[in-house]
Every structure is written in C-alpha cells, then in structure tokens.
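Observations on chain architecture
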Amino acid sequence: MRSPKKLIAGNWKMNGSLEFNSTLMHSLLGGDLHANACDVAVCAPSVYLAQIHALLLSAGSSPIHLGAQDISAHEKGAYTGEISVSMLKDFGVAYAIVGHSERRQFHHESDQLVAIKAERALSAGITPIVCVGETQQERGVGLTEVIVKRQLAAVIHLVGHCITEIVVAYEPVWAIGTGLTATPEQAQSVHAVLRAQLRAAAGDGAQKIRILYGGSMNAANAKSLLSQPDIDGGLIGGAALKAADFLAIVASA
Ligand code: PGA
C-alpha cells in the first residue's frame with residue numbers, strides 16, 4: 001500500500017513584491033497548514049528567497065519549506081546571472097523546480113540539461129522537482145507517453161542510483177495557466193505510466209517517489225485530482241498566489 005506524505009508546492013513564477021510576499025506569507029502562516037498530513041513548499045523568485053527565509057525563521061518552527069524555481073547546472077564561477085545550489089542552501093532552500101515547461105520553452109532547456117540540474121540539486125541535498133509534460137499538439141497526435149517518458153528517462157539515466165530522492169511533477173503544458181485542467185482520469189493515466197517507468201528503475205522504491213500534478217489545479221478541482229492513486233500532491237501556479245485558495249488545496253491533500 002502506497003502512502004507517501006503528499007506535497008503541495010506553490011510556484012509563484014515571476015510574481016510578487018516585498019509587500020505582496022509578506023502579506024501572502026503571513027496569511028499562509030496564520031492558516032491551517034495541516035503540518036502532519038502533508039508537506040508544503042513555496043517556490044519564490046530567487047531575489048525574494050532571503051525575505052521568505054527570514055519570515056519563516058521569525059515564525060519559528062514553520063511547516064512551510066522554501067523552494068527555488070530553477071538552479072544553475074554549474075557548481076560556481078563565471079556564469080553571469082546564475083545561482084548555485086550552495087547559494088540556495090545558504091537560505092534554507094529545500095526544493096528546486098527543474099525543467100519547468102516555461103524554462104524548456106523560453107530558455108531552450110534540453111532533457112540533458114534538466115537531468116544535470118537534478119543531479120546538481122541532489123548533490124547539495126536539495127530535492128529536485130522534475131517537471132515533465134506534453135504540449136497540446138503532442139497530445140493531439142498521441143505522443144503524450146513518448147514525451148513524458150523521454151523527459152523522465154534522461155533524469156533516470158543520470159541519477160538512477162538516487163532516483164527515489166526526486167519529486168516528479170506531471171504538468172501538461174496545455175493545462176498550465178490556461179484554466180484547462182487534465183481530468184483526474186487523464187492525469188492518473190499519465191502518472192501510472194511515470195510510476196511504471198520509475199518502478200523499472202527503482203523497483204519497490206518507486207512507491208515512495210512523489211509524483212505531483214500541475215496545471216490549473218485550484219481549490220475546486222484539487223480534491224478529485226489528489227484522490228487518484230498515483231497523484232501525490234500538486235505544483236500550483238496561479239492559485240498559489242491567493243492564500244485562501246492555496247490553503248484550501250493544502251486542506252484537500
Ligand atoms: P498553473 O501553473 O497552476 O497556473 O497552471 C502551474 C505551473 O506552471 O507550475
């Protein structure tokens with residue numbers, strides 16, 4: 001019987017300000033985070049990680065973990081504009097999204113680069129949230145499985161020895177920020193494919209790997225998605241910017 005602790009992670013993307021973040025975090029910290037029932041993380045823009053880190057420290061033993069939205073594939077040195085895993089560790093970062101479709105699309109990140117980033121995160125003790133997902137066009141021509149398996153295979157190839165330490169996020173590109181959500185059955189069927197691929201790599205260890213769903217998850221649809229057998233949490237964009245919605249999703253988990 002599988003029963004990994006669910007993970008609800010907010011992906012703020014390029015949103016927020018000092019004032020907005022402070023208000024949002026105070027609302028979240030004042031809400032019911034069901035600390036024992038599920039893990040909660042917020043992935044903030046990198047310039048605000050120090051702010052959120054300080055807010056979490058001043059709140060004492062907060063059940064909210066801090067996440068980054070990307071990391072450098074390099075350890076350190078002449079990589080202008082990039083942020084290393086050791087810098088993120090300085091601010092208590094526990095999770096890092098790697099391979100989000102917006103980075104694959106707008107920054108031309110390849111499967112191999114995403115795999116290297118996952119490896120880099122693991123080497124620093126940061127849990128990578130590895131995103132995979134097909135476009136509308138790929139789904140339309142029946143390529144969903146091929147695409148997500150190819151994206152995950154690159155990561156398994158590089159970090160297969162510690163694959164049970166990663167989190168996977170299935171995010172159909174056509175559902176991100178569009179208000180279109182995969183039905184629970186559509187999501188579950190892809191999650192089952194990913195679970196089988198992880199099982200082939202890690203055996204029974206695959207049972208504890210969390211596979212999140214992302215793509216217009218909100219307070220209204222979270223419960224039905226999160227009740228699917230292979231959906232172990234959510235990666236939340238738009239709804240993570242509204243405390244009441246995010247807390248409602250956490251409560252559904
Ligand atoms: P969304 O974004 O919830 O706004 O669709 C999810 C994501 O891109 O991680």
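Structure first, text after, so check above.
Quick look at the structure, then. (Residues numbered from 1 in each chain as written. Predicted model: local features only at pLDDT ≥ 70, side-chain atom pairs only at ≥ 80, totals over all residues. Heavy atoms only, no water.)

Some words on the environment of Leu-18
- Tracing the sequence through the fold places Leu-18 in helix 1 (residues 18-30).
- A C-alpha to C-alpha distance of 7.7 Å links Leu-18 and Gln-51, two positions 33 residues apart in sequence.
- For Leu-18, the contacting residues outside a window of four places in its chain are Tyr-48 and Gln-51. (Helix = DSSP H or I, 4+ residues; strand = E, 2+ residues; numbered from the N terminus. Contact = heavy atoms within 4.5 Å.)

Here's the deal with the pattern of salt bridges
- On inspection of all chains with the given rule, the structure shows 12 salt bridges.
- The partner of Glu-109 in a salt bridge is Arg-103, and the shortest N-O contact between them spans 2.8 Å.
- Look at Arg-103 and you get partly exposed, because its relative accessible area is 24%.
- Between Arg-195 and Asp-230 there is a salt bridge, with its nearest N and O atoms 2.8 Å apart. Of this pair, Arg-195 sits in helix 8 (residues 184-202) while Asp-230 sits in the loop between helix 9 (222-226) and strand 8 (233-236), placing them 35 residues apart in sequence. (Salt bridge = Lys/Arg side-chain N within 4 Å of Asp/Glu carboxyl O. Buried < 20%, exposed > 50% of the residue type's maximum accessible area, 1.4 Å probe, protein only.)

Considerations on helix 1
- Over its 13 residues, helix 1 extends 18 Å from the first C-alpha to the last, a length consistent with the 18 Å expected when each residue adds 1.5 Å.
- Burial in helix 1 covers these residues: Asn-21, Leu-24, Met-25 and Leu-28. The buried residues of helix 1 occupy an angular sector of 100° when projected down its axis, which confines them to one face. Residues Glu-19 and Gly-30 are exposed on helix 1 and point more than 90 degrees away from its buried face. (Expected span 1.5 Å × (residues − 1). Arc of directions from axis to C-beta.)

Comments concerning the side chain of Gln-51
- Examined against the element boundaries, Gln-51 turns out to sit in helix 2 (residues 49-58).
- Looking at Gln-51, the relative accessible area reads 17%, which means it is buried.
- A distance of 2.9 Å separates the side chain of Gln-51 from the side chain of Asn-21, its partner in a polar contact. (Polar contact = N/O pair within 3.5 Å; in protein donor to acceptor, adjacent residues only side chain to side chain.)

Regarding the side chain of Asp-230
- What makes Asp-230 buried here is its relative accessible area of 13%.
- Within polar-contact distance, the side chain of Asp-230 engages the side chain of Gln-188 at 2.8 Å.
- Of the polar contacts made by the side chain of Asp-230, one reaches the side chain of Arg-195; its length is 2.8 Å.
- Setting aside anything within four residues of it in sequence, one finds Asp-230 in contact with Arg-2, Gln-188, His-191, Ala-192, Arg-195 and Ile-211.

A few points about the nonpolar core
- Ranked by size, the top nonpolar core spans 67 residues in total, and within it Met-25, Leu-28, Ile-166, Val-168, Leu-194, Leu-198 and Tyr-213 carry the most contacts.
- Sorting elements by how many residues they give to this core places helix 7 (residues 144-159) first, with 6 residues.
- Dropping the residues within four chain positions of it, Ile-166 is found in contact with Leu-122, Thr-127, Pro-128, Val-130, Leu-152, Val-155, Val-159, Ile-209 and Arg-210.
- Counting residues in each nonpolar core, the second largest holds 12 residues, with Ala-9, Ile-97, Val-167 and Ala-169 among its members. (Core = buried A, V, L, I, M, F, W, Y, C linked by side-chain atoms within 4.5 Å.)

Topic: the sheet that holds strand 4 (residues 93-98)
- If you trace the 8 strands once around the closed barrel, you get 1-2-3-4-5-6-7-8, paired in parallel fashion. Recorded for the sheet is a direction-independent mean angle of 25° between the axes of neighbouring strands.
- Strand contacts of helix 10 (residues 243-252): strand 1 (6-11), strand 2 (38-43) and strand 8, with the helix running at about 165° to strand 1, the strand carrying the most contacts. (Pairing = 2+ DSSP bridges. Axes fitted to C-alpha atoms, helices over the stretch in contact; angles between N-to-C directions.)

Some remarks on the pairing of strand 7 (residues 210-214)
- Along strand 7, 5 of the 5 residues are buried, which leaves the element largely enclosed by surrounding structure.
- The pairing of strand 6 (residues 167-170) with strand 7 spans 4 bridges and is parallel. Across the sheet, the residue bridging to Val-167 is Arg-210, located in strand 7.
- Taken together, strand 6, helix 8 and strand 7 constitute a β-α-β crossover, and its handedness is right-handed.
- Across 2 bridges, the pairing between strand 7 and strand 8 is parallel. Counterpart to Tyr-213 in the pairing with strand 8 is Gly-234. (Right-handed = clockwise from strand over helix to strand, strands pointing away.)

As for the pairing of strand 1
- Strand 1 sits mainly inside the fold: 6 of its 6 residues count as buried.
- For strand 1 and strand 8, the ladder comprises 4 bridges, and the chain directions are parallel. Across the sheet, the residue bridging to Gly-10 is Ile-236, located in strand 8.

Quick look at the site of the ligand
- The full set close to the ligand counts 13 residues, and Lys-13, His-100, Glu-171, Gly-177 and Ser-216 are the nearest of them.
- Here His-100 contributes a side-chain N or O atom positioned 2.7 Å from an oxygen atom of the ligand.
- Taking Gly-237, its main chain carries an N or O atom lying 2.9 Å from an oxygen atom of the ligand.
- When the free accessible area of the ligand is taken as 280 Å², the share hidden by the protein chains comes to 95%.
- Tallied by class, residues from the shell around the ligand come to 4 nonpolar, 7 polar and 2 charged. (Near = heavy atom within 4 Å. Areas by Shrake-Rupley, 256 points an atom, 1.4 Å probe, with all protein chains shown as cover. Nonpolar A, V, L, I, M, F, W, Y, C, P; charged D, E, K, R; others polar.)

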